[in-house]
Every structure is written in structure tokens, then in C-alpha cells.
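Okay, here's what each chain looks like letter by letter:
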Amino acid sequence: MSRLLTFLITVLLFLGCKKDVSHTVEEFNTRGLITEKAMVVSARKEASQIGTEILKLGGNAFDAMMATEMALAVAYPYAGNLGGGGFLVYRLADGKKGALDYREKAPLAATKDMYLDKKGNVIQDLSTVGSMAVGIPGTVAGIFEAQERFGRLEISQILKPVINLARYGYIITEKQALRIAHYDSMIRAVNGKEILYNNNLKAGDKLINLELAATLQRIAEHGRDEFYKGETGQRLVKYLQSKGSIITLEDLEKYEAKWRDPISFQYDDLIITSMSPPSSGGICLSQIMKMAEPFDLKDYGHNSLKTIQVLVEAEKRAYADRSFYLGDPDFVDIPIETLTSDVYLQNRMKGFSFDKPTAVDSISHGNIVGYESDETTHYSIVDQFGNAIAVTTTLNGGYGSKLFVDDLGFFLNNEMDDFSSKPGEPNYYGLIGAEANSIVPEKRMLSSMTPTIVEKNGEFYMSLGTPGGSTIITSVLQTILNVHEFQLTMQQAVNAPRFHNQWLPDEIRMEPHVFDKKIIQQLKDLGYTINETKSPIIGIVDGILMLEDGTLEGGADKRGDDTAVGF
Ligand code: GLY
């Protein structure tokens, strides 16, 4: 939250001013960075700078993707990774769109009940920390697949600045020092010792990761297979097995990133393209937006009572569908056309009324309870050739499984927890899944990641996404609406206060102290339960908007260290 915005809202609330928050947002008149040709927005300045450097060398968005993603792995190990996975949604300069799935998958030796004890109860922590939590990493396969198909530069050229970042170090930020301190005891417990990232690190310290520099150097020399078949892969498997993992070299060798057809839908004069299963992002986003489309949100106003009601009720219904129907499309049949059809969605909204909330038990399917995390990361890139990408990548939890491969210099994911360990029972984050997301060898676990590209009048308009677990979808939704319906700038749109509803628990989560108190009271009077305490923040959105004069505006969320760089 921008200090200026917080200040303005606090002053207005304090003075008992009658103005609503939409007015204050208007007064918070800032645009993000404006550039003429190209831009990278990511969770770290260093990553955005390196991505931009690659563009300046003549690389395109896919070359910059490889550089930015790996720079995040170096400077933002909380979520940036070699040991995790992600999704790419792209729009080429000629208007062609597509998506790449480099989500982790279950090991060959995985079983449906692998996280259950003899009595059939979920074994605490087994799917969230340590070696059994780790899914087969997809990130290295993903960045190579995208770069090989669309990139222009040599791998050694792209990875050179990243290797230097690991070799010569970067400065720990305040937010980073706090995060490392927060996770320190867990990281020590899982690794049985102090690792490179430990609570002796203070803001302003320089962090050098020579092992990661060496890993990246080998990947630069030997390519993708270095990670899946070569020395790095062999060392990784040996390490994992020494920690009790069921992952084998065959698992690594069999890993493939997969090109997918993204989900595209129309909202007013926008065409919105987002990630298809195994992410729930695109389907849920399209469901919510199509359910909200018949309502005049612009007239109701930004974060007004009626806008919040419409979006909350649409969210409720989409999230109720999510866990019942969605999973890896290579393993389950998903009725995508029906779930996103106008007829189905109009029917879903039939019970909606401005007079009172729709009772959650009258909405069938899906059982999702509290899930919040800012432990994923998103970056958006537009290049000087007119290509645009949106990429969201994750280790799942902060520092993933907390398992750190010392001599390779990176953390491993705990993405296995995104499966439904026991249909009907919540996982660590409170997600309850159904059979569609049960564990099967080589299956990909369901995600909420929502990297999204928006077009207007047939041209590129916006690239955006965010971390935030199940709040990812609603954060992307509100950011698009903030620009399209409420005419906020890109920077205002990502900074604006956010709320979230996911059917169960039966509550609206709102960022504390930033919403109009009168509206909160009106929502309570109507029968809504408001939770302003659980989520200090909802999402950290990064985006790029094409302005009418063809320049680009960056939106780098002030909730993180996020930064836009470009030229
Ligand atoms: N691990 C977070 C997600 O994929 O949604």
C-alpha cells in the first residue's frame, strides 16, 4: 500500500469526510513508470533491470523471460526459482496468443494416499515441508521451451548477467530480511543446519550465492538437459534421495513443459486471455467477469457497496465450482465450455439480490476454505517488437518445502500440497479438493495462478498477474476492472485496496484500514461477514498497460519491492 494512499484515506476517514474511497483513489494521482518501447515489471529491481538489459541487447520478451525468471531465482528466492514451476501466457506482435504450462508434477512413485496414515488421516506437514513435499520442478524446462520456440539470443548471452548477479551479489531489502527472519527457524529445522539464507542477514547486506552461479553456468553451457539429465540433475536426485524423497532421475528425465490453449473470453470491448488448467485462474476469472458483466459497475463506482456485492457474489459462485471440477486436463475431463458459457453463468447468478447475501449452502459444488499466501511471484514483459508476456511462477509456500540444495544453491518447491491429499479435507492452506485434483503419478496439481493478457480493439492493452494463492484470481479481476471500469492508472490500479471472497469461509476478506467504514457497516447490515484481520495484504500485482499514445505504463505493486524498468 502506498504511503500516500494510506495517508489520504486515513486523513479522510479521520476527518469523517463524506467522500468515498473511489474519490480518494482519484486524488491519488500517480502514474507508474512510462516508457516508449519496452518494459519489465517484477518483484525485484535487479530482475527487471536484467530483463531490460536483455531487451536492449536485441532480445525479445522470451529471452527476457529466461533472464528475468532466473534473476528472480537469484534475488527473490522466496518465490523465484529453479526448483519450482509456473505458467506463461503470451501475445505475439502479430496477435497470436498461447500458453505454456511448466507446472510441477507428481513423481512416478506417488500414490493417491501418500500423505495419509494407516487410519486414513492426513499426516501433518508431510506435503508441505521436506523432501516428500517436492513435485518435479518445471521451471528450467519452461524457460528453455519458451526461449527455444520464440527467442533470438544465445543462452550464454541471456544468462551472463544472471550468473554475475549470483556471483557478485545483490543487496538484501528490508522486506526480504524480515521474510528470511520469519522463516528462519523452519528453514533450519528442515535442513538440520543454518543455510545461506539465515536470520543473520540484515537489510543492506550483500548476498552472494556462488553455488547458484555455478549451477547457472553449467545450464548456460549444457542447456536444459543439464537440469534434467546432467550433473545438476544427478546431484539434485542424489540429494533428494538422501533426504528420503521418492523422486528419481527418471522423473526428471520425463519432465516436459506443455503448450496449452489459454482461456480467452470477451468482457465489454476487451478480450481477456488467461491460463487454462491445470490452473483454475483463467476459468474462474472468466466466470466471475461474465457473471459481473451485466451489472453497471462503472455507475456503481470503485469499491462501492454495489460493486463489492456483485463481485463477491460472482466470486462465491466461481469458487464453489473450482475445486469440484478442476484438475490436470490430461487426467480429468473438465467441462470448460459449460462452465464458461453465458447460459450457465446467467443461471448461476439467478439467485443474486442486492438485498441480502446468497446463502453459501444454496450454492453447490466446491469446498474451498481460507487460503492466502503471497509466496508466488509474477512478472510482465512487453518488448520493443510488440510481443507481450505474463508469467507467474512459484515454489508454492515461501521458500517452498524449505529444503535448500546447498551445493546447487536453490530451494525446492512444496507444490505437492496443491493436490488434494484427501478429497474433502483441507490442505495446509485450507483448500479442500475433490477427486479431480487427487494425486496420480505424473499428474499436475491444480493452481490458482492467473497470468493474463488483455486486448482492446484487437491490440495489446494490458499484461498482469500476481501471487496470493486463491486471492490471485480476484486480485487480477479487480485490477482489470480498476483500469477498465473505473479509469484508474495502471499504478493506481495495482495499489488500490482489494477484497476477496471464495465462497467458503463465508466471509469477505478486506485489506485492513483502507476501505470506507460506512461501506463495511452497510455490508455487515446486509448480513455479510467481514474479515479485516486475516489478510494484511491481498496479492502483489504487477502489470503493464498500453496507453492511448502507444507508450507503456508500469504498475509495480507497492505492497512488495516490485519495480518497473524499461526504455
Ligand atoms: N501454489 C500456488 C498456486 O499454484 O496457486
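These numbers were taken from a predicted model, which means no experiment stands behind them.

As a further point, take the sheet that holds strand β19 (residues 508–510). Pairing is mixed across the open sheet formed by 3 strands, whose spatial order is β18-β19-β20. This sheet does not close on itself; its edge strands, each paired only once, are β18 (499–500) and β20 (530–531). Judged from the 2 bridges that link them, β18 and β19 form a sheet pairing that is antiparallel. Bridge assignment links His500 to a residue of β19, and that residue is Arg509.

Of all the 6 residues making up strand β4 (residues 97–102), 5 are buried; the element is thus mostly covered by neighbouring parts of the structure. The turn joining strand β3 (residues 85–91) and β4, which pair antiparallel and follow one another in sequence, is formed by 5 residues; a positive phi near 95° is taken by Gly95. Relative to strand β7 (residues 258–260), β4 runs antiparallel, the two sharing 3 bridges. From the neighbouring strand, Asp101 faces β7, where its bridge partner is Lys258.

Bringing the sheet that holds strand β2 (residues 39–42) into the picture now. What the 7 strands build is an open sheet, ordered β7-β4-β3-β12-β11-β2-β23; its pairing is antiparallel. Sheet topology places β7 and β23 (563–566) at the edges, where each strand pairs with a single neighbour. Between one strand axis and the next, the sheet turns by 15° as a mean value, whatever way the strands run. Bridge analysis of strand β11 (residues 376–382) against strand β12 (residues 388–394) gives 7 bridges, and the strand direction is antiparallel. Bridge assignment links Tyr379 to a residue of β12, and that residue is Val391.

Attention now moves to unusual backbone geometry. The omega torsion across Pro277 and Pro278 is 20°, close enough to zero to call that bond cis. Of note in the backbone geometry, Asn457 takes a positive phi value of approximately 50° without being a glycine. Locating Asn457 in the fold gives a position in the loop between β16 (452–456) and β17 (459–465). You will see that Gln487, though not glycine, has its phi angle at about 55°, which is positive. Inspection of the secondary structure assignment puts Gln487 in the loop between α17 (471–484) and α18 (490–495).

Now for the site of the ligand. In the vicinity of the ligand there are 8 residues, among which Asn396, Glu415, Asp418, Ser447 and Ser448 approach most closely. A distance of 2.8 Å separates a nitrogen atom of the ligand from a polar atom in the side chain of Asn396. Contacts to the ligand include Asp418, whose side-chain N or O atom sits 2.7 Å from a nitrogen atom. In the complex, 99% of the free accessible area of the ligand, which totals 200 Å², lies under the protein chains. In terms of residue class, the shell around the ligand is built from 2 nonpolar, 3 polar and 3 charged.

On to the packing of helix α4 (residues 61–75) against helix α5 (residues 139–150). In the contact formed by α4 and α5, the axes pass within 8 Å of each other and the chain directions differ by 160°. The orientation of α4 relative to α5 falls into the category roughly antiparallel. Crossing of α4 over α5 shows left-handed handedness. Residues Phe62, Asp63, Met65, Met66, Glu69 and Met70 of α4 pack against Thr139, Ile143, Phe144, Ala146, Gln147 and Phe150 of α5. Of the residues contributing to the contact of α4 with α5, the split by class is 8 nonpolar, 2 polar and 2 charged.

Reading the values: rules and limits
Residues numbered from 1 in each chain as written. Predicted model: local features only at pLDDT ≥ 70, side-chain atom pairs only at ≥ 80, totals over all residues. Heavy atoms only, no water. Pairing = 2+ DSSP bridges. Helix = DSSP H or I, 4+ residues; strand = E, 2+ residues; numbered from the N terminus. Buried < 20%, exposed > 50% of the residue type's maximum accessible area, 1.4 Å probe, protein only. Axes fitted to C-alpha atoms, helices over the stretch in contact; angles between N-to-C directions. Near = heavy atom within 4 Å. Polar contact = N/O pair within 3.5 Å; in protein donor to acceptor, adjacent residues only side chain to side chain. Areas by Shrake-Rupley, 256 points an atom, 1.4 Å probe, with all protein chains shown as cover. Nonpolar A, V, L, I, M, F, W, Y, C, P; charged D, E, K, R; others polar. Parallel < 35°, antiparallel > 145°, perpendicular 65-115°, else oblique. Left-handed = near helix turned anticlockwise from the far one by under 90°. Contact = heavy atoms within 4.5 Å.

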